[in-house]
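Below are the chains, spelled out letter by letter.
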Amino acid sequence: MQLNQVTLPSTDVARGAAFYRRLGLRQIVASLPKYARFECPDGGSTLSLHHADRLLGPTGVVVYFECPDLDARVAALAQQGLVFDSGPVDQPWLWREAYLRDPDGNVVCLFWAGENRRNPPWRLAEQP
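Computed from a predicted model, the values in this text were never measured in an experiment.

Before going further, it helps to examine the pattern of salt bridges. Here the structure, examined in full by the defined rule, presents 8 salt bridges. Measuring nitrogen to oxygen at the nearest pair gives 2.9 Å for the salt bridge that ties E66 to R117. Here E66 is found in strand β5 (residues 62–66), whereas its partner R117 is found in the segment after β8 (107–112), with 51 residues between them in sequence. E66 gets classed as partly exposed once you look at its relative accessible area, which sits at 33%. Classification of R117 by relative accessible area gives partly exposed; the value is 40%. Here R96 makes a salt bridge to D71, at a shortest N to O gap of 2.9 Å. Separated by 25 residues along the polypeptide, R96 in strand β7 (residues 96–101) and D71 in helix α2 (residues 70–79) bring together distant segments of the chain.

What follows is the structure in structure tokens.
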């Protein structure tokens, strides 16, 4: 099994699309004003925006994008005017993370974890 995509609600899909293009995603579908789909530059996973008349409030969902060049990418995006809730910070779970929100308030985390993403020291042993 492989994760295909995540779809986020957006009250203004065109505005949201501009945000995700600025993050570096490649837009592959533009069915505005209702839908937009993006492809990550590495790995083939996709993210979609789907129009919602209204948002129901914070969902608790966080979308993570892995960036080997995290610090440089955050600095470049901040220079372009994107506002981060927190800059790159080393976390106790061995990831380095920076947080921001898309125009609809969806939480986005840019991070780098290297080998610790899938193989942290506390990973469960393979089960027979």
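Before going further, it helps to examine the pairing of strand β3 (residues 35–39). Side-chain alternation along β3 places A36 and F38 on a buried face and Y35, R37 and E39 on a face that remains uncovered. Pairing analysis gives 5 bridges linking strand β2 (residues 26–31) to β3, with the strands arranged antiparallel. Considered in β3, the bridge of V29 is made with R37. A loop of 3 residues connects β2 with β3, the two strands running antiparallel in sequence.

Reading the values: rules and limits
- Residues numbered from 1 in each chain as written.
- Predicted model: local features only at pLDDT ≥ 70, side-chain atom pairs only at ≥ 80, totals over all residues.
- Heavy atoms only, no water.
- Salt bridge = Lys/Arg side-chain N within 4 Å of Asp/Glu carboxyl O.
- Helix = DSSP H or I, 4+ residues; strand = E, 2+ residues; numbered from the N terminus.
- Buried < 20%, exposed > 50% of the residue type's maximum accessible area, 1.4 Å probe, protein only.
- Pairing = 2+ DSSP bridges.

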